[in-house]
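Commentary on secondary and tertiary structure
Next come the chains, spelled out residue by residue.
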Amino acid sequence: MKDGFRSAGGLGLAALLLGFPALGQATDPPEGSPQLSCFEAVREGQGSASETLAAQLCQGARSDAPARCFRRVQTGGFLSDPQALQLCQYATPSDDPASCFLKARTSSFLDETELVQLCRPPISEMLKLCPYGP
């Protein structure tokens, strides 16, 4: 199993981090897998983020909203990768942390760290209270 994981490279890492079965157990990801579509959307974006960052961003995603958010804030070069990850992880279609950040950036004197804290999805705060996961 260990040698198979090494030979699979980044795909094996993505499968592991996104919670998919081992490569030998399934030929295709499940239909409608939002984590995988998010992961692929991040990787296809400008500057193509690393697979590890894309997997962290999309872990637990229910849509490609985290990827869209990440690409929007990275397009202007406003945030470092860790800050963009913090802002966009757990984003859903109903909340739009990228728009919040971009609007607040032009209308306030807060620095980027404070803006990320202000605009990130509420689930991020709840997860701090559950150190071992929900």
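All values derive from a computational prediction rather than experimental measurement. (Residues numbered from 1 in each chain as written. Predicted model: local features only at pLDDT ≥ 70, side-chain atom pairs only at ≥ 80, totals over all residues. Heavy atoms only, no water.)

**Points about the overall build of the protein**
A count of helices and strands for the protein gives nine helices and zero strands. Taken from the N to the C terminus, the helices and strands of the protein come in the order α-α-α-α-α-α-α-α-α. Taken over 134 residues, the protein has a buried fraction of 34%. Of the roughly 8200 Å² that the protein leaves accessible, carbon and sulfur atoms contribute 55%. (Helix = DSSP H or I, 4+ residues; strand = E, 2+ residues; numbered from the N terminus. Buried < 20%, exposed > 50% of the residue type's maximum accessible area, 1.4 Å probe, protein only. Areas by Shrake-Rupley, 256 points an atom, 1.4 Å probe, with all protein chains shown as cover.)

**Observations concerning helix H4 (residues 51–58)**
Looking at H4, one finds that the buried residues are Leu53, Ala54, Ala55, Leu57 and Cys58. Once H4 ends, the next one or two residues include glycine 60, with phi positive near 80°.

**Here we look at the nonpolar core**
Membership of the largest hydrophobic core comes to 27 residues, with the highest contact counts inside it found for Val42, Phe70, Val73, Leu87 and Phe101. Among the secondary structure elements, those contributing two or more residues to this core are helix H3 (34–44), H4, helix H5 (65–75), helix H6 (81–88), helix H7 (97–107) and helix H8 (112–119). Once you skip the residues sitting within four places of it in the chain, phenylalanine 70 turns out to touch Val42, Ala49, Leu53, Leu57, Asp81, Ala84, Leu85 and Cys88. (Core = buried A, V, L, I, M, F, W, Y, C linked by side-chain atoms within 4.5 Å. Contact = heavy atoms within 4.5 Å.)

**Quick look at the confidence of the model for the protein**
The predicted model of the protein averages 76 in pLDDT, with 65% of residues at 70 or higher. Note that residues 1–8 has pLDDT below 50 and, in this model, five contacts with residues that lie over four places away or in other chains. Contacts for the low-pLDDT stretch residues 22–27, under 50 throughout, to residues beyond four places or in other chains number five contacts. (pLDDT = per-residue confidence, 0-100.)

**Focus: the packing of H5 against H6**
Two numbers describe how H5 lies on H6: the axes approach to 9 Å, and their chain directions differ by 140°. Relative to H6, H5 is oriented oblique. Judged by the sense of rotation from one axis to the other, the crossing of H5 with H6 is right-handed. Packed against H5, whose contacting residues are Pro66, Cys69, Phe70, Val73 and Gln74, the element H6 presents Asp81, Ala84, Leu85, Leu87 and Cys88 at the interface. Of the residues assigned to the contact of H5 with H6, the class counts are eight nonpolar, one polar and one charged. (Axes fitted to C-alpha atoms, helices over the stretch in contact; angles between N-to-C directions. Parallel < 35°, antiparallel > 145°, perpendicular 65-115°, else oblique. Left-handed = near helix turned anticlockwise from the far one by under 90°. Nonpolar A, V, L, I, M, F, W, Y, C, P; charged D, E, K, R; others polar.)

**Observations concerning the pattern of salt bridges**
Throughout the structure, instances matching the rule amount to three salt bridges. With a closest N to O distance of 3.3 Å, arginine 72 and aspartate 96 form a salt bridge. Taken together, the residues arginine 72 in helix H5 and aspartate 96 in the loop between H6 and H7 connect sequence positions 24 residues apart. When its relative accessible area of 36% is taken as the criterion, arginine 72 is described as partly exposed. (Salt bridge = Lys/Arg side-chain N within 4 Å of Asp/Glu carboxyl O.)

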